[in-house]
Amino acid sequence: MIEFFPDLPTFLKIGPVTITWYALLIVIGAYAAYYISLQNLKKMGYTTDDADGLFFGVLIFGILGARLWYVMFYDLSFYLQNPASILNITEGGLAIHGGIFAAVIYGYIYISKKGYNFIHWLDAVLPNVLLSQAIGRWGNFMNQEAFGGIVSESHFRFLPNFIKETMFINGAYRAPTFLYESILNLIGFLLITQVIKKSKKLKRGDQSFFYLIFYGVIRFIIEGMRTDALPLNLGFIELRIAQVISVIFVIVGVMGVMGVFKKFFPKVKPTLVFDFDGTIMDTQELIHQTFIEVFKVHKPDYILSQDDLYSFLGPTLMDSFRRFFEEDKVDELVTHYRELNLEIHDKYVKPMDHVIDVLTRLKAEGYTMSIVSSKVRKPIEYALEMTGMSHLFDSVYGMDDYDKVKPDPEGILKAMKDNFYDRSSFIYLGDTVTDIEAGRSAGAYTIGYVFDEKRRQDLVDSNPNAIIDDWRELEEILRGDHEWTYNTI
């Protein structure tokens, strides 16, 4: 027999099985935090699989930690005498601080084993826990727990009637502290993720530290109003455990925002990843001339305009040829293009101004440098060898090394993964809108290189972190105090 809402705490009853509002709201809150965290992690270049591995472990260990914390400090002797009761959480009995500690420990282990940056991930996930907590507090409401002292009926004059009626407990109206905390948690979540997050002065770790500050203050205030707080009896004084932990949270959060812990998380040199054509190598005239010659053979009646020629800078050869030829001719045209391109390579290709000097200095300073291009790897390696630049790069990736080309970030992410580069600290520098889009999707700090003034505005509109006109400006950027990702999450 299926029965909805058989009593206040129960959402659904199917025979002997019950699903409580408490459990349902915890799951809904956890999923809301997971969903937002997933979007953040994708912006950082990570996958759903990465997020899922974290989420399920955090959920399990978070609930276990929250329950054990409650058991230890509420009535440990009772639970030791009744061990089966430890597993019964259907009527409440989860202490969020214990859940946070257990979840963070699991998260640290999981993220560290993956070789990812823990603080970077923490900023993407932890503030969203406030939203989860805001939703979960309504489970306390349905269980008629986590309430405050006795209040008059007029206390509810601005609140819906169902809240007033549910808060009539043991013959008196009780302060709906669950509601206060839910609202304050929601406000804290919005402030961190919608206001503080947009600050240009925000540093990595700040969002996590602000979580500690906000939640510490909120919980300290609410805990002082509750009548069911977990005590910490030291003999000479009785404190509320949550308030003690909240004070610690606030202290740690304030110290973190002030930069006290910076020495424990020193910044590392960012990995430098570059596009090739139009960025490292001046191949614009080579590309134009090769297309002109191919069109002379395969479409002699069509005269390429300047707009046509510029449209070939960025897209793949296949995409470019598909605009003018039938699909069954594309492979033939690409083959002809590549053969001709190599034949006239020496005549038209040259390094960008100052690029060799700059990259040589950066290599000497210990920077790791790689190339990820939508061009096949062979002509890239040929050009590097021809110009004496091969030794400057730790790896070279062409479109034959991955499946999806820019603006998809697959090539950049493959290079980062294959070489164990830190995705929380890397730069992608390119000269086209597709380069910036790919770098941003991979989570990189993006730099647009203006080689041709005709394409400057397009680069500006693509909103990279920085724009340079001269390779020497890259060194100036590297000397700056930046978080080497597209944004701080």
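Scroll up to find the structure.
These lines cover the structure that appears in this document, whether it is placed above or below. Within every chain, residues take consecutive numbers counted from 1 along the sequence as written. Only residues with pLDDT of at least 70 get local features here, since the model is predicted, and only at 80 or more are side-chain atom pairs given and counted; chain-wide, interface and lining totals rely on the full set of residues. Here the side-chain values reflect all heavy atoms present in the structure, with hydrogen atoms and water set aside.

## What to know about the overall build of the protein
- Secondary structure counts use DSSP, requiring at least four H or I residues in a row for a helix and at least two E residues in a row for a strand, with both numbered from the N terminus. Along the protein, the regular secondary structure elements total 21 helices and 16 strands.
- For this measure, only C-alpha atoms enter the radius of gyration; the expected value for a globule follows 2.2 Å times N^0.38, where N is the number of residues. Relative to the 2.2 N^0.38 estimate, which gives 23 Å for 489 residues, the radius of gyration of the protein is 29 Å and therefore markedly larger than a compact globule would have.
- Under the scheme applied here, a residue whose accessible area is under 20% of the maximum for its type counts as buried, over 50% as exposed, and between as partly exposed, the area being computed with a 1.4 Å probe on protein chains only. Residues classed as buried in the protein amount to 50% of the 489 residues present.
- Roughly 23,800 Å² of accessible area belongs to the protein as shown, and the carbon and sulfur atoms make up 60% of that amount. Each accessible area is a Shrake-Rupley result for a 1.4 Å probe, and residues are judged covered by the shown protein chains and nothing else.

## As for the layout of surface pockets
- Buriedness for pockets is judged along seven lines, at least five of which must meet protein on both sides within 12 Å for an open set on the 1 Å grid over protein atoms alone, while cavities are sets there where a 1.4 Å probe fits but cannot get out, and lining residues have an atom within 4 Å of a point. Grid points are joined across faces, edges and corners, and a volume is the space filled by probe spheres set on the points. Empty space within the second largest pocket amounts to approximately 580 Å³.
- What lines the second largest pocket is a set of 27 residues, and nearest its centre among them are Arg204, Lys262, Phe265, Lys267 and Glu483.
- Looking at the lining of the second largest pocket, the elements that each hand over two or more residues are α9 (206-223) and α10 (241-257).
- Side-chain classes follow a simple rule in which Ala, Val, Leu, Ile, Met, Phe, Trp, Tyr, Cys and Pro form the nonpolar group, Asp, Glu, Lys and Arg form the charged group, and the remainder, Gly included, forms the polar group. Here the residues of the lining of the second largest pocket are counted per class, giving ten nonpolar, eight polar and nine charged.

## Here's the deal with the packing of helix α11 (residues 284-298) against helix α14 (residues 327-343)
- A fitted line through C-alpha atoms serves as each axis, taken over the contacting stretch for helices, and the angle formed by two N-to-C directions is quoted from 0 to 180°. Taken N-terminus to C-terminus, the directions of α11 and α14 make an angle of 130°; their axes are 10 Å apart at the nearest point. The orientation of α11 with respect to α14, classified from their angle, is oblique. Crossing geometry of α11 relative to α14 is assigned as right-handed. Where α11 abuts α14, its residues Leu286, Ile287, Thr290, Phe291, Glu293, Val294, Val297 and His298 lie against Lys329, Glu332, Leu333, His336, Tyr337, Leu340 and Asn341.
- Its residues placed into classes, the contact of α11 with α14 shows eight nonpolar, four polar and three charged. Our angle categories are set so that under 35 degrees counts as roughly parallel, over 145 as roughly antiparallel, 65 to 115 as roughly perpendicular, and the remainder as oblique. Left-handed describes a crossing in which the near helix is turned anticlockwise from the far one by less than a right angle; the clockwise case is right-handed. Only heavy atoms matter for contacts: two residues are in contact if any of them lie within 4.5 Å across the pair.

## What about a nonpolar patch on the surface?
- Patch construction takes residues with relative accessible area above 30% that form no salt bridge. Like charges are linked within 9 Å, and nonpolar side chains (Val, Leu, Ile, Met, Phe, Trp, Tyr) are linked within 5 Å. In the sections that follow, a salt bridge refers to a side-chain nitrogen of Lys or Arg positioned within 4 Å of a carboxyl oxygen of Asp or Glu. The grouping of Val217, Phe220, Ile221, Met225, Val247, Ile251, Val254, Met255, Met258 and Val260 at the surface amounts to a nonpolar patch, some 820 Å² of accessible area in total.
- Elements with a minimum of two residues in the nonpolar patch: α9 and α10.
- No other element matches the four residues that α10 contributes to the nonpolar patch.
- Structurally, Val217 is set in helix α9.

## Section: the sheet that holds strand β16 (residues 466-468)
- When DSSP finds two or more bridges between a pair of strands, those strands are recorded as paired. The six strands are arranged β13-β12-β9-β14-β15-β16 in an open sheet whose pairing can be described as parallel. Both edges of this open sheet fall to β13 (395-397) and β16, since each of them pairs with a single strand only. Averaged over all pairs of adjacent strands, the angle between strand axes in this sheet comes to 20°, irrespective of strand direction.
- The pairing of strand β9 (residues 271-274) with strand β12 (residues 369-372) spans three bridges and is parallel. Residue pairing in the sheet places Leu272 in a bridge with Met369 of β12.

## Let's talk about the packing of aromatic side chains
- Side-chain rings of Phe, Tyr and Trp (the six-membered ring for Trp) are treated as a pair once their centres are within 6.5 Å; stacked means planes under 30 degrees apart, edge-to-face means over 60, and tilted covers the remaining angles. For the structure shown, the criterion picks out 38 aromatic pairs.
- Look at Tyr445 and Trp484: their rings are 5.0 Å apart centre to centre, the planes differ by 75°, and that puts the pair in the edge-to-face class. One end of the pair, Tyr445, is in strand β15 (residues 445-449); the other, Trp484, is in the segment after α21 (472-478), and 39 residues separate them in sequence.
- According to the relative accessible area criterion, Tyr445 is buried, its value standing at 6%.
- The exposure class of Trp484 is buried, given its relative accessible area of 5%.
- By definition, being over a ring means that NZ of Lys or CZ of Arg is both within 6 Å of the ring centre and within 35 degrees of the ring normal. Between Lys269 and the ring centre of Tyr367, over which it is positioned, the NZ or CZ distance is 5.7 Å.
- Above the ring of Tyr302, the side-chain terminus of Lys299 is found at 5.8 Å from the ring centroid.

## Notes on the environment of Glu181
- With respect to the element layout, Glu181 can be found in helix α8 (residues 177-195).
- For the pair formed by Glu181 and Arg219, sequence separation is 38 residues and the distance between their alpha carbons is 7.3 Å.
- With residues up to four places along the chain from it excluded, the contact list for Glu181 reads Arg137, Tyr215, Ile218, Arg219 and Ile222.

## A closer look at the pattern of salt bridges
- In total, this model carries 23 salt bridges according to the counting rule given.
- For Glu332, the salt bridge identified is with Lys329, shortest N-O distance 3.7 Å. With Glu332 and Lys329 both in helix α14 and three residues apart, this pair spans about one turn of that helix.
- Via salt bridges that share partners, Arg219, Glu223 and Arg226 belong to a single interconnected network.

## Comments concerning α9
- For a helix, the expected span equals 1.5 Å multiplied by the number of residues minus one. Here α9 contains 18 residues, and its C-alpha end-to-end distance of 25 Å stays within 8% of the 26 Å for a straight helix at 1.5 Å per residue.
- Taken across its 18 residues, α9 has 14 buried, putting it largely inside the fold.

## Side note on the pairing of β15
- Along β15, five of the five residues are buried, which leaves the element largely enclosed by surrounding structure.
- Burial along β15 is two-sided: the residues Tyr445, Ile447 and Tyr449 and Thr446 and Gly448 are all buried.
- Across four bridges, strand β14 (residues 426-430) lies against β15 in parallel orientation. Bridging across to β15, Leu429 finds its partner in Ile447.
- Orient the strands so they point away from the viewer; a crossover is then right-handed if the path from the first strand over the helix to the second runs clockwise. Considered for its hand, the β-α-β crossover made up of β14, helix α19 (residues 433-441) and β15 is right-handed.

## Remarks on α14
- When the terminal C-alpha atoms of α14 are compared, their 25 Å separation across 17 residues agrees well with the 24 Å that a helix rising 1.5 Å per residue should span.
- The complete set of buried residues in α14 reads Val330, Leu333, Val334, Tyr337, Leu340 and Asn341. Along the axis of α14, the buried positions cluster into a sector of 140°, meaning they face one direction only. Of the residues in α14, the exposed ones pointing more than 90 degrees away from the buried face are Asp328, Asp331 and Glu343. An arc is given here, and it is the one of the directions from the helix axis to the C-beta atoms.

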